[in-house]
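Residue strings, one per chain:
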Amino acid sequence: MSPLNYELCSKIIGAKYFNIEGANSKDDIISPRDAEGHGSHTASTIAGNLVKSASLLGFASGTARGGWVPSARLPIYKACWIKIGCPEVDALAAFNEAIADGVDIISISAWPTNLEDIFQYFQTSYNIGSFHAMKRGILTSNSAMNLGPGSV
């Protein structure tokens, strides 16, 4: 587990987790805390601060920043677990909570395990949750199952 980044942690305004089935592995952290680093990486991409003199192995030195809004504040909703993945019920509960909390944008860095589920509109928690968010004017940004850059 990577050390916590104070600059990122100061941007987190709330954190909740969902594990309705209660199935965990010994490696899971039963809290909103990220056990494998993917959520922390995504959060820093969204709201990371400016970092001067950033480079890749000394090449292309410059200023790096979060991809979206460095001034953003983040509520975190954890619905994925090492042993059971991202259960539909937990994902939908996270959507419902984010909508109830009045977020402006929902960024999802998880997706169903079956490629066919992407096109099952109104049949997966991700599609249903995204639809309900959209009805309330909340932009939802979903990953493409991390399958890029090819076509689906």
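Reading the values: rules and limits
- Residues numbered from 1 in each chain as written.
- Predicted model: local features only at pLDDT ≥ 70, side-chain atom pairs only at ≥ 80, totals over all residues.
- Heavy atoms only, no water.
- Salt bridge = Lys/Arg side-chain N within 4 Å of Asp/Glu carboxyl O.
- Helix = DSSP H or I, 4+ residues; strand = E, 2+ residues; numbered from the N terminus.
- Buried < 20%, exposed > 50% of the residue type's maximum accessible area, 1.4 Å probe, protein only.
- Patch = residues over 30% accessible without salt bridge, like charges linked within 9 Å, V, L, I, M, F, W, Y side chains within 5 Å.
- Areas by Shrake-Rupley, 256 points an atom, 1.4 Å probe, with all protein chains shown as cover.
- Axes fitted to C-alpha atoms, helices over the stretch in contact; angles between N-to-C directions.
- Parallel < 35°, antiparallel > 145°, perpendicular 65-115°, else oblique.
- Contact = heavy atoms within 4.5 Å.
- Nonpolar A, V, L, I, M, F, W, Y, C, P; charged D, E, K, R; others polar.

Colleague: Residues and numbers for the pattern of salt bridges, please.
Modeller: The final tally for this structure, using the stated rule, is three salt bridges. Among the ionic pairs, Glu-97 bridges to Lys-16, the shortest N-O distance being 2.7 Å. Placement of Glu-97 in helix α3 (residues 88-101) and of Lys-16 in strand β1 (residues 12-17) is noted, with a sequence separation of 81 residues between them. Look at Lys-16 and you get partly exposed, because its relative accessible area is 30%. A salt bridge links Lys-16 to Asp-101; its shortest N-O distance comes to 3.0 Å. Remark: Asp-101 occurs in helix α3 and Lys-16 occurs in strand β1; sequence separation between them is 85 residues. By sharing partners, the salt bridges in this structure join Lys-16, Glu-97 and Asp-101 into a single network.

Colleague: I'd like a rundown of a nonpolar patch on the surface, residues and numbers included.
Modeller: Together, Tyr-121, Phe-122, Phe-131 and Met-134 make up an exposed nonpolar region whose accessible area comes to about 450 Å². Position of Phe-131 relative to the elements: it lies in helix α4 (residues 125-135). A residue is classified by how much of its surface remains accessible, and Phe-131, at 32% relative accessible area, is partly exposed.

Colleague: Could you give an account of the packing of α3 against α4, naming the residues involved and the relevant values?
Modeller: Where α3 contacts α4, the two axes come as close as 9 Å, and the packing angle between them is 10°. In terms of their interaxial angle, α3 and α4 are classed as roughly parallel. Contacts between α3 and α4 involve Glu-88, Ala-91, Leu-92, Phe-95 and Ile-99 on the former and, on the latter, Ser-125, Tyr-126, Ile-128, Gly-129, Ser-130, His-132 and Ala-133. A class-by-class count of the residues in the contact of α3 with α4 yields seven nonpolar, four polar and one charged.

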